[in-house]
Amino acid sequence: MTILFYPATNLYAMSKDRLITPNYCFILAANFLLYFGFWLLMPILPFYLEDNFTASQTTIGIVLSCYTIAALCIRPFSGYFLDTFARKALYLLAYFIFFTVFAGYMLAGTLTLFILLRIIHGTSFGMVTVGGNTLVIDIMPSSRRGEGLGYYGLSNNLAMSIGPMLGLFLHNAGATYNTIFSCALGACGLGIFFASLVHTSYRPPVKHEPISLDRFILLKGLPAGLSLLLLSIPYGMTTNYVAMYAKEIGITAETGLFFTFMALGMATSRLFSGKLVDKGMIPQVIKGGLYLVCFCFFGLTACGWLFNHAPTWTTQFFFGISLLLGIGFGTMFPAYNTLFVNLAPNSQRGTATSTYLTSWDVGLGIGMLTGGFIAEIASFKYAYLFGACLTVASLVYFQTKVKDHFLRNKLR
């Protein structure tokens with residue numbers, strides 16, 4: 001019998017590079033349940049506002065965007081707080097506030113109170129998502145960061161698959177809105193339990209440097225942030241209005257499947273995108289995803305004109321686009337996240353993450369507002385045409401400006 005002995009240094013390296021640990025699984029579960037509660041409500045809130053408050057499309061867009069605007073306002077400060085104070089404590093506090101607001105929705109009797117709750121919800125979401133993203137970077141080996149962020153993003157995608165589908169299923173089956181709110185409340189309650197199990201290493205207090213803009217926003221990340229913002233505007237239109245768009249053009253199939261296929265595409269992309277990022281192919285991965293997303297949004301726009309001529313084929317094309325859209329965005333998410341982190345020193349991981357998510361949230365908010373506004377004066381297909389043009393602008397800007405800026409300024 002042959003006994004193999006490994007040097008202690010090799011054993012240490014093996015354990016140090018291990019990605020799948022109980023700690024990592026706990027934060028994946030907490031993240032999945034957080035986003036499950038978020039996505040469960042996403043496609044049904046326009047119907048809720050329309051049914052309960054007789055809100056117009058423009059009003060719906062304004063109410064929904066309050067959430068994102070609130071998240072946007074807290075993002076820069078959350079990055080600074082997470083870089084300065086105890087990250088896990090702030091993460092758990094924000095998660096608890098996010099959890100309690102679902103109960104508040106069940107008590108909101110006026111549109112004004114609902115808007116106030118959406119603002120509180122968005123603020124807590126802005127903090128908890130930056131906190132979760134920063135914690136997962138802290139607990140994973142740096143050599144497998146792209147792969148680890150890919151799997152972390154996959155937990156979002158699974159939630160995006162199950163949440164909207166279940167929400168629309170419950171809504172179409174006649175479940176009350178309070179029942180759906182209760183499901184989200186229960187999921188996030190369980191998520192807090194898993195979040196409390198995450199163990200983080202002690203970090204010595206950070207020396208307080210003079211307050212400057214760079215403590216709140218990663219200035220080197222602004223070019224990439226603009227590219228990401230242009231990309232997230234049509235994404236915001238899609239997540240909030242795709243069910244209404246399908247109804248507008250005449251698609252009668254279960255629109256919850258759109259999110260399922262989109263999440264399936266994102267899950268598929270995780271099999272290769274994170275590993276390519278870890279090999280240093282960040283610009284190439286982002287550019288490939290941008291080409292695919294451009295095609296998808298023009299295809300989504302075309303569905304508005306094609307349905308009257310070939311309804312069956314258009315319905316199949318509509319769901320095929322959702323799969324390709326998921327692959328495109330799923331390819332880019334870990335690459336963009338790693339791009340921001342690689343532009344920042346370790347002491348500014350929270351700031352880098354908050355800048356990445358802030359850029360995304362600005363676009364989501366604009367997408368919710370402009371999507372509802374354009375649909376009010378024209379139709380959703382013109383809203384998606386506008387979004388498709390923005391993806392082309394994002395691609396051109398990334399190719400001509402962002403790529404070279406990143407290669408000149410990256411720290412690792």
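J.: What am I meant to see in the overall build of the protein here?
T.: Each helix and strand in the protein was counted, giving 15 helices and zero strands. Here the protein has a C-alpha radius of gyration of 21 Å; the compact-globule value for 412 residues is 22 Å, and the two agree. Out of the 412 residues in the protein, the part that is buried amounts to 56%. When contacts within the protein are restricted to residue pairs at least 6 apart in sequence, long-range pairs at least 24 apart make up 88% of them. As displayed, the protein offers around 16600 Å² of accessible surface, 70% of which is attributable to carbon and sulfur atoms. The average position of the 24 basic charges and that of the 14 acidic charges among the side chains of the protein differ by 11 Å.

J.: I tried to follow the pattern of salt bridges on my own but got confused; where do I start?
T.: Pairing between side chains of opposite charge can happen when the charged atoms of each approach one another. Going through the model one piece at a time under the given rule, you end up with one salt bridge. Among the ionic pairs, Asp 138 bridges to Arg 87, the shortest N-O distance being 2.4 Å. Note that Asp 138 is positioned in helix H6 (residues 111-139) and Arg 87 in helix H5 (residues 87-105), a separation of 51 residues in sequence. Assessed through its relative accessible area of 6%, Arg 87 is described here as buried.

J.: Can you help me understand the packing of aromatic side chains in this one?
T.: Describing an aromatic ring pair means giving the distance of the ring centres and the angle of the ring planes. All chains considered together, the criterion is met by 38 aromatic pairs. Their ring planes at 75 degrees and their centres at 6.2 Å tell us that Tyr 35 and Phe 38 sit as a pair that is edge-to-face. Of the two residues, Tyr 35 and Phe 38 are both situated in helix H2 (residues 22-41); the distance of three residues between them amounts to about one turn of the helix. In this pair, the class of Tyr 35 matches that of Phe 38, namely buried. Note on Phe 258 and Phe 318: the rings are 5.0 Å apart at their centroids and 45 degrees apart in plane angle, and the pair reads as tilted.

J.: Before we go on, may I ask you to explain empty space enclosed by the protein in this structure?
T.: Remark: the empty space left among the atoms is shown by a probe the size of a water molecule rolled over them. Tallied over the entire structure, the rule returns two cavities of 30 Å³ or more. Counted as a void, the largest cavity has a volume near 560 Å³. Contributing to the lining of the largest cavity are 33 residues, with Tyr 35, Asn 156, Phe 333, Leu 357 and Trp 360 lying nearest its centre. Among the secondary structure elements, those contributing two or more residues to the lining of the largest cavity are H2, helix H4 (57-84), H6, helix H7 (145-172), helix H9 (222-249), helix H13 (311-342) and helix H14 (349-377).

J.: What exactly am I supposed to notice about the side chain of Thr 358 here?
T.: Here Thr 358 lies in helix H14. Beyond its immediate chain neighbours, meaning those up to four positions away, Thr 358 contacts Leu 72, Arg 75 and Pro 76.

J.: It is not clear to me how the packing of H4 against H14 should be interpreted in this structure. Could you clarify?
T.: When two helices pack together, their arrangement is given by the angle between the helix axes and by the axis-to-axis distance. Contact pair H4 / H14: the axes reach a minimum separation of 8 Å and the direction vectors enclose 170 degrees. Taken together, the axes of H4 and H14 are roughly antiparallel relative to one another. Broken down by class, the residue content of the contact of H4 with H14 amounts to 12 nonpolar, 13 polar and five charged.

J.: Explain a nonpolar patch on the surface to me, please; I cannot follow it from the model alone.
T.: Judged by side-chain polarity, Leu 93, Phe 96, Ile 97, Leu 113, Leu 116 and Ile 120 come together as a nonpolar surface patch covering roughly 510 Å² of accessible area. Put simply, the parts of the chain that give the nonpolar patch at least two residues each are H5 and H6. By the element assignment, Leu 113 lies in helix H6. Under the relative-accessibility criterion, Leu 113 is labelled partly exposed at 35%.

J.: Quick question: what am I supposed to make of the state of the cysteines here?
T.: Simply put, disulfide is the name for a covalent bond between the sulfur atoms of two cysteines. Per the stated rule, a full pass over the model turns up zero disulfides. In this model Cys 389 remains outside any disulfide bridge; the closest cysteine sulfur is found in Cys 294, 9.8 Å from its own.

Rules used throughout
Residues numbered from 1 in each chain as written. Predicted model: local features only at pLDDT ≥ 70, side-chain atom pairs only at ≥ 80, totals over all residues. Heavy atoms only, no water. Helix = DSSP H or I, 4+ residues; strand = E, 2+ residues; numbered from the N terminus. Rg over C-alpha atoms; globule rule 2.2 N^0.38 Å. Buried < 20%, exposed > 50% of the residue type's maximum accessible area, 1.4 Å probe, protein only. Contact = heavy atoms within 4.5 Å. Areas by Shrake-Rupley, 256 points an atom, 1.4 Å probe, with all protein chains shown as cover. Lys, Arg positive; Asp, Glu negative; His and termini not counted. Charge placed at Lys NZ, Arg CZ, Asp CG, Glu CD. Salt bridge = Lys/Arg side-chain N within 4 Å of Asp/Glu carboxyl O. Phe/Tyr/Trp six-rings, centres within 6.5 Å; stacked < 30°, edge-to-face > 60°. 1 Å grid on protein atoms, 1.4 Å probe; cavity = no way out; pocket = protein on both sides within 12 Å on 5 of 7 lines; lining within 4 Å. Points joined across faces, edges and corners; volume = space filled by probe spheres on them. Axes fitted to C-alpha atoms, helices over the stretch in contact; angles between N-to-C directions. Parallel < 35°, antiparallel > 145°, perpendicular 65-115°, else oblique. Nonpolar A, V, L, I, M, F, W, Y, C, P; charged D, E, K, R; others polar. Patch = residues over 30% accessible without salt bridge, like charges linked within 9 Å, V, L, I, M, F, W, Y side chains within 5 Å. Disulfide = S-S within 2.5 Å.

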